[in-house]
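Single-letter residue listing:
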Amino acid sequence: MSASVIYNAQLLPMHQGATFDLRASAALVIEDGKIAWLGTHDTLPAQYQSLPALDAEGHLLTPGLIDCHTHLVWAGSRASEFSMRLHGASYEEISNAGGGILSTVKATRAASEDTLYDLALPRIDALIAQGVTEIEIKSGYGLDLDTELKQLRVARRLGANRDIRVHTTFLAAHALPPEYSGNADGYIDYICDIILPQAVEQGLVDAVDVFCERIGFSRAQTERVFARAQAFGLPVKLHAEQLSDQDGAALVAKYQGLSADHLEYLSAQGIQAMAEAGTVAVLLPGAFYFLRETKYPPIEALRNAGVPIAVATDANPGSSPIHHAQLMLHMACTLFRLTPEEAIAGMTCHAAQALGSQQSGQLQVGMDANLALWQVKDPAELCYQFGVNPLIARWYQGRCSRPNK
């Protein structure tokens, strides 16, 4: 049996969603990778008092951060497109000219599996050093059988070789590949009949996503992918309402989807459908910032409807080349006007909900001991500043590391 105690902590359980229930002079017991007990240090049961112990020195102990939307496995660079946008080209114009996602597809198809793994390692290590203990990684830069499977294998390999839980999401319906130009329905057939079944057979898929947008796939095409995912017993999520209102949020809610992500053009109808289904709204302030968007997600309407709000990096080469979880907390507050309580819930308990993860995102008995200890006293400090990393230590399934030492 492996067991230890963390004591003298300011403990932030995140039990109640977007509220702080800060507990001073707290202790937490880790046993066999799980949280076995928590409470005030002076009530620590006798059977735990002789365990190895770490003095938190009054610092903040939270659930490990969760990045519930990333595209972490890719090759190539899109720096030239960054320059094009600064010269006035829009995201859609770059995509329609053959850039955008398809330029990353070309580079990713050409890269070996080992190369993709080596390229992804510093990205995931950067997030681990920011206190992230759980992450979603999408495919979608292959758009063919071999490369989609290659991306998913790399994502699984990252999870096997680092102390972090990786959720894999199948996103072959990310863009139309050149070999299916003018034949989007044919490509959807290929996804549903060939790529997804083989990915499922090889045990590479935890969820299924689609880019439902004018430059992506229609609502009807999205629904075909969702129906196929449902036949395999897989949960769905959606890139929804980023550039226009395609009524995608209502569609993913119809399928009891885990999340709808981006949501700048989300309608009242979509909000109501998400609220009724329990679908999480995932905000991606990095993409909003990087693309210099001006249309804000309807934050107040989401609040009023009781829709859980998550926050993620959207780490990808084209619209959010950012691997900084704490910066997302800051941007969620400064750009979208989330409160610190909402932002931290967005990268803990609500992010766990967006991944369908039942054993993380909160500090409570029986949950995985995925924790982060920060050199701060006030939780708002995690959102207030960036560039100085206050992470002291990080636990993944009870294993402690100090990534920044």
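In this convention, every chain numbers its residues from 1, walking through the sequence in written order. Reporting in this predicted model follows two pLDDT cut-offs: at least 70 for local features of residues, and 80 or more for side-chain atom pairs to be given and counted; totals over whole chains, interfaces and linings ignore these cut-offs and use all residues. Water and hydrogen atoms play no part in the side-chain values, which are based on all heavy atoms of the structure.

A. Geometry of the environment of N316. Working definition: helices are DSSP H or I runs of at least four residues, strands are E runs of at least two. Numbering for both runs from the N terminus. Within the secondary structure layout, N316 lies in the loop between strand 13 (309-311) and helix 12 (325-334). On a C-alpha basis, the gap between N316 and T104 in space is 9.8 Å, while along the polypeptide they are 212 residues apart. Sequence-distant contacts of N316, that is, excluding residues within four places in its chain, are made with H71, W74, Y141 and P321. A distance of 2.6 Å separates a polar side-chain atom of N316 from the backbone oxygen of D314. Within 3.5 Å is the distance limit for a polar contact, defined as a pair of N or O atoms, with the added protein rule that one can donate a hydrogen and the other accept it, and that residues adjacent in sequence qualify only through two side-chain atoms. Within the structure, N316 has its side chain in polar contact with the backbone nitrogen of G318 (distance 2.8 Å). Pairs of residues are marked as contacts when any of their non-hydrogen atoms sit within 4.5 Å.

B. View of the UniProt feature "domain: Amidohydrolase" (unreviewed entry) in the protein chain. UniProt positions are given in the numbering used here, feature names are shortened, and annotations may be inferred rather than shown by experiment. The UniProt record marks residues 215-380 with the feature "domain: Amidohydrolase" (unreviewed entry), using the residue numbering of this structure. End C-alpha to end C-alpha, residues 215-380 measures 38 Å, and it is 40% helix and 11% strand.

C. Geometry of the side chain of E264. By the element assignment, E264 lies in the loop between strand 11 (259-262) and helix 9 (268-277). When a residue's accessible area, from a 1.4 Å probe over protein chains only, is under 20% of the maximum for its type it is buried; when over 50% it is exposed; and in between it is partly exposed. Charge assignment in this entry is limited to Lys and Arg as positive and Asp and Glu as negative, and neither His nor the chain termini are counted. A pairing counts as a salt bridge when a side-chain nitrogen of Lys or Arg comes within 4 Å of a carboxyl oxygen of Asp or Glu. Look at E264: it is buried, it has no salt bridge, and the nearest opposite charge is K295 at 9.9 Å. Once you skip the residues sitting within four places of it in the chain, E264 turns out to touch E241, Q242, F288, K295, Y296, P297 and P298.

D. Structural view of the pattern of salt bridges. Under the counting rule described, the total for this entry stands at 20 salt bridges. Between E300 and R303 there is a salt bridge, and its shortest N-O distance comes to 2.8 Å. One end of the pair, E300, and the other, R303, are both in helix 11 (residues 299-305), three residues apart, so they sit about a helical turn from each other. E300 sits in the partly exposed class, given a relative accessible area of 44%. Of the residues examined, R303 reaches a relative accessible area of 29% and is grouped as partly exposed. Residues participating in the shared-partner salt-bridge network are E136, K138, D209 and K237.

E. Up close: the side chain of R123. Relative to the elements of secondary structure, R123 occurs in helix 4 (residues 113-128). In this structure R123 is buried but unpaired, with D125 as the nearest side chain of opposite charge at 11 Å. Polar side-chain contacts of R123 include one of 3.1 Å to the backbone oxygen of W74. With near-sequence residues (within four places) excluded, R123 lies in contact with L72, V73, W74 and H323.

F. Just unusual backbone geometry, in detail. We note that H262 has phi near 95°; this positive angle belongs to a residue other than glycine. With respect to the helices and strands, the residue H262 is situated in strand 11. The backbone of Q397 sits at a positive phi, close to 50°, despite the residue not being glycine. Relative to the helices and strands, Q397 is located in the loop between strand 15 (391-396) and strand 16 (399-401). Residue Q397 is classed as partly exposed on the basis of its relative accessible area of 33%.

G. Spatial organisation of the sheet that holds strand 8 (residues 165-173). Strands are treated as partners if at least two bridges between them are detected by DSSP. The sheet built from eight strands is open, its strands ordered 6-7-8-9-10-11-12-13 with parallel pairing. The strands lining the two open edges of the sheet, one partner per strand, are strand 6 (65-67) and strand 13. Averaged over all neighbouring strand pairs, the angle between strand axes comes to 25°, with direction disregarded. Bridge count for strand 8 against strand 9 (residues 207-212) is three bridges, and the pairing is parallel. For A173, the partnering residue across the bridge sits in strand 9 and is V210. Relative to strand 7 (residues 132-138), helix 4 is tilted by about 145°, and along the sheet it contacts strand 6, strand 7 and strand 8. To obtain each axis, a line is fitted to C-alpha atoms, and for helices this fit is confined to the stretch in contact; angles are then taken between N-to-C directions over 0 to 180 degrees.

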